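Here's the letter readout for the chains.
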Amino acid sequence: MSPRAGGSGRCVADMVRLVESGRAARVLTTACGLGVFDALARGPLPAVAVAERLGTDARAPGILLDALAGLGFARKRGGRYANSRVSGSFLRSGSPGGVLSNLRYQELLAPAWARLPEIVRTGVPPRSLRRLLAQDPEFSRDYILGMAEIARRPARELAGSLPLSGARDALDVGGGPGAFARALAEQQPGLRVTLLDLPPVLKLARRLLSGCASRRRIELKAGDYHKTPFGHEAFDLVLMSHITHDEGEAGNRRLVTRAFDALRPGGRLVIHDFMLSRDRTRPLYGALFSVHMLVYTRQGRAYGLDEYRRWMREAGFGSIRSFPVCAGLANATRAVVGSRP
Amino acid sequence: MLTSYALDFNKLAEVVLAYRSSKPLLVALHYDLFSHIARGKDTPSLLGRGLGLDRRALTVLLDALAALGFLSKSNGAYRNSRLASRFLVDSSPDYMGSNLRYQELTWDAWSDLRFVLKTGKPRRTLLDWIQQGFFTPDYVKAMGDVAREPARDLARRLDWTGVTRALDIGCGAGTYSAAFVERAPRLSVVLLDLPSTLKVTRGLLKAHRHGRRLSFRPADYLTESLGDGEFDLALLSNVTHVEDEKTNRRLVAKAVRALKPGGRLVIHDFVVNEDRTGPRFPALLGLHLLLFTGKGAVYTVKDYAGWMRAAGLGRVVSMPIARQSLHPSTAVVGVKPRP
């Protein structure tokens, strides 16, 4: 599928393919949810053996495996199935650089996506992110681990692009699994990073960060970034990565103002997220990400670069600039940086 | 240049992007947004008020549709793209809304894939849905929307010499019968399907210019007779994929009985290659059927030819249909021997 953004250039074949691709997605995330790729990791297996390992119906997995093979996520030879290169390296649990938890998280949100017609009518998601995190341990685990999986590369690239020399204290607001906190600490020797997030999230972060060389310069601070004070002129850098898309506009203005107060003069606020064009229809990934936010947040969406700049300006920030992060990836993002004068 | 990591990662990201791309289109058709936009309700406020939808949610949805190329946006108002005007506005002759609304109805079943894999059984079968009258008009029209091109191609490829009576078993929207009578001037066709389906079929074919050569026989092809020695040609188009092998063998035998000696049985359907992993569309259709019918499947040409020979048909051949289209299908034809 290659949905081209843009006026009237699409043909009906694109549209039909679009619907078909939706099915392909369901096939892949379901397979992740069931643990198909771990089952296949122990060598080529016939469908019945896969069914036995997964504890599923005997006939159904064969059909699923055939579809996975057709999509390039499995190989079939002589009635036996094995992982393909992509599924072998990305979709087994514990494989470095893998994205299994992320796709399991997508799978857990499938029932909510199914209710999109109702959500468009009422504007209210079936369960909000806050409720999911508070009530559903399976969701919380796959959500946080899934974010860790896809955060490593952008975190390293972002940390490498920031002017960190002389920075002593950084605050990572809602830093989740700690990928960004870790990348900052590794990038700048001597930098102390405070990671502020909810207690159950920090439990996972603690596990993920154990053994990391800069661990003792990362402080895990339990709190709720809506309420817990950030402090006054205590930091040289405040990072908000992938949290503003969960909030409404008023909430984000408040966060930007509080970050200003928390920074020392000369300190910087960095906002990292999916960012949209002025008319909110580009890039495609961001515009569709907004729909994803509709499905499980009450007010979130992807915002425009112009909105971030305005909020920062109004809070008093100067020398505001922005740059792309992981430009070659489908889920490319941007960072906006502003300085407290 | 993209790294190999980026190429592999993007292959996965594309799949995630896929469900986020398809669902907004289906939801838009659920509310027929493109038709309303064509009639001047072109802002989130106008649409929201007119249809009772949430303004914030609608704005996000419309922006996504613009990102996908179905709308263009300027100064907060939206306009249909050329593609949307042609296929997604209800007053257009090429309207595909029924099909996409049907896809929207099936989304729930697809969301349930994980459960179905555990149990092997759909929560509700296609027949349950049809009998409840839940989406019969949309379902039948949907099948008609996509059948036009293969129906024309199949009619073109069959030899109509001496063929005067045909039976269309499980005729659905009647698109194949309609194409057949267009092609064969002396042909009349009996369209056989469930009464609730035929109600929709009659409506769709009311104004057909060869309508008097079409007659309707309400029947359940599973339990009732299909006739005895009456027809020169019997068609099973996209019927066999909703049934299991045993039922299909029985159905083929019944169809053979309905044929005159020298008559032909035509099975037209999507087929998979011998290892059943491709082409992509029929391979995914196999799962779709698992979710809906609990018994249907996609079959190979070899399967069909085997059932036909077992039922006594000879000179079995297969031919590709609508080869240039996005979803090519196949016809398998067998001849009932003369005594």
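The structure displayed is predicted, hence computed values, not measured ones.

Cut-offs applied
Residues numbered from 1 in each chain as written. Chains lettered and ligands numbered in written order. Predicted model: local features only at pLDDT ≥ 70, side-chain atom pairs only at ≥ 80, totals over all residues. Heavy atoms only, no water. Contact = heavy atoms within 4.5 Å. Salt bridge = Lys/Arg side-chain N within 4 Å of Asp/Glu carboxyl O. Polar contact = N/O pair within 3.5 Å; in protein donor to acceptor, adjacent residues only side chain to side chain. Helix = DSSP H or I, 4+ residues; strand = E, 2+ residues; numbered from the N terminus. Nonpolar A, V, L, I, M, F, W, Y, C, P; charged D, E, K, R; others polar. Pairing = 2+ DSSP bridges. Axes fitted to C-alpha atoms, helices over the stretch in contact; angles between N-to-C directions. Right-handed = clockwise from strand over helix to strand, strands pointing away. pLDDT = per-residue confidence, 0-100. Buried < 20%, exposed > 50% of the residue type's maximum accessible area, 1.4 Å probe, protein only. Domains from an automatic or database assignment. Core = buried A, V, L, I, M, F, W, Y, C linked by side-chain atoms within 4.5 Å.

A. Region of the structure containing the interface of chain B and chain A. Each partner contributes residues to the interface: chain B has 77 residues there, and chain A has 90 residues. The interface formed by chain B and chain A contains 1 salt bridge. Taken together, the connections running from chain B to chain A amount to 17 residue pairs in polar contact (both at pLDDT 80 or more). At the level of secondary structure, the elements contributing two or more residues to the side of chain B that touches chain A comprise α1 (4-30), α4 (55-67), α5 (82-87), α6 (97-111), α7 (113-119) and α13 (280-292) of chain B. The element contributing the most residues to the side of chain B that touches chain A is α1(B), with 23 residues. Partitioned by chemical class, the residues of the side of chain B that touches chain A number 42 nonpolar, 17 polar and 18 charged.

B. Molecular detail of the sheet that holds strand β11 (residues 318-325) of chain A. Residue and element names in this part refer to chain A. The sheet built from 7 strands is open, its strands ordered β6-β5-β4-β7-β8-β12-β11 with mixed pairing. For this open sheet the edge positions go to β6 (218-222) and β11, each flanked by a neighbour on one side alone. Geometrically, the sheet is characterised by an average inter-axis angle of 20 degrees between neighbouring strands, direction not taken into account.

C. Geometry of the pairing of β6(A). All names here are of chain A. The pairing of strand β5 (residues 192-197) with β6 spans 5 bridges and is classified as parallel. From the neighbouring strand, L195 faces β6, where its bridge partner is L220. Chirality of the crossover, the property in question, places the unit of β5, helix α12 (residues 199-209) and β6 among those that are right-handed.

D. Quick look at the confidence of the model for chain B. Chain-level pLDDT for chain B is 90 on average; 96% of the residues reach the 70-or-more range. With pTM at 0.85, the complex prediction returns an ipTM value of 0.86.

E. Summary view of the sheet that holds strand β2 (residues 74-77) of chain A. Residues and elements named next belong to chain A. Pairing in this open sheet of 3 strands is antiparallel, and the strands run β1-β3-β2 from one edge to the other. Each of the sheet's edge strands pairs with one partner strand only, and the pair in question is β1 (45-46) and β2. Across 2 bridges, the pairing between β1 and strand β3 (residues 80-83) is antiparallel. Among the inter-strand pairings, P46 is bridged to a residue of β3, identified as R80. Helix α4 (residues 60-71) rests against β2 and β3 of the sheet, and its axis sits at about 110 degrees to β2.

F. Examining unusual backbone geometry more closely. Between R282(A) and P283(A) the backbone carries a cis peptide bond, its omega angle lying at -15 degrees. When you line up the elements, P283(A) lands in the loop between β9 (275-276) and α14 (284-296). Of note, the amide linkage connecting G278(B) to P279(B) takes the cis form, showing an omega dihedral of -10 degrees. Structurally, the position occupied by P279(B) is in the loop between β7 (259-269) and α13. A positive phi angle, near 45 degrees, is found at E233(A), a position not held by glycine. Inspection of the secondary structure assignment puts E233(A) in the loop between β6 and β7 (235-241). Owing to a relative accessible area of 30%, E233(A) belongs among the partly exposed residues under this scheme. A positive phi angle is found at C326(A), which is not glycine, with a value near 55 degrees.

G. Quick look at the domain arrangement of chain B. Taken domain by domain, chain B comprises domain 1 (4-92) and domain 2 (117-335). Using only C-alpha atoms to locate each centre, domain 1 of chain B and domain 2 of chain B end up separated by 34 Å.

H. Spatial organisation of the nonpolar core. L64(A), L68(A), F34(B), F70(B) and L88(B) are the most contacted members of the largest nonpolar core, which has 149 residues in total. When residues of this core are assigned to their parent elements, the largest contribution, 15 residues, is made by α1(B). In this structure, this core is formed jointly by two domains, domain 1 (4-92) and domain 2 (117-335) of chain B, each of which donates at least three residues. Leave out the neighbours within four places in its chain, and L64(A) touches V27(A), A31(A), L34(A), V36(A), L113(B), L117(B) and L287(B). Ranked by size, the runner-up nonpolar core spans 36 residues in total, among them A258(B), V271(B), A297(B) and A305(B).

I. Summary view of the environment of L291(B). All names here are of chain B. By the secondary structure assignment, L291 is in helix α13. C-alpha separation for the pair L291 and W110, spaced 181 residues apart in sequence, amounts to 6.9 Å. Setting aside residues up to four positions removed in sequence, L291 forms contacts with A109, W110, L113, V116, P122 and R124.

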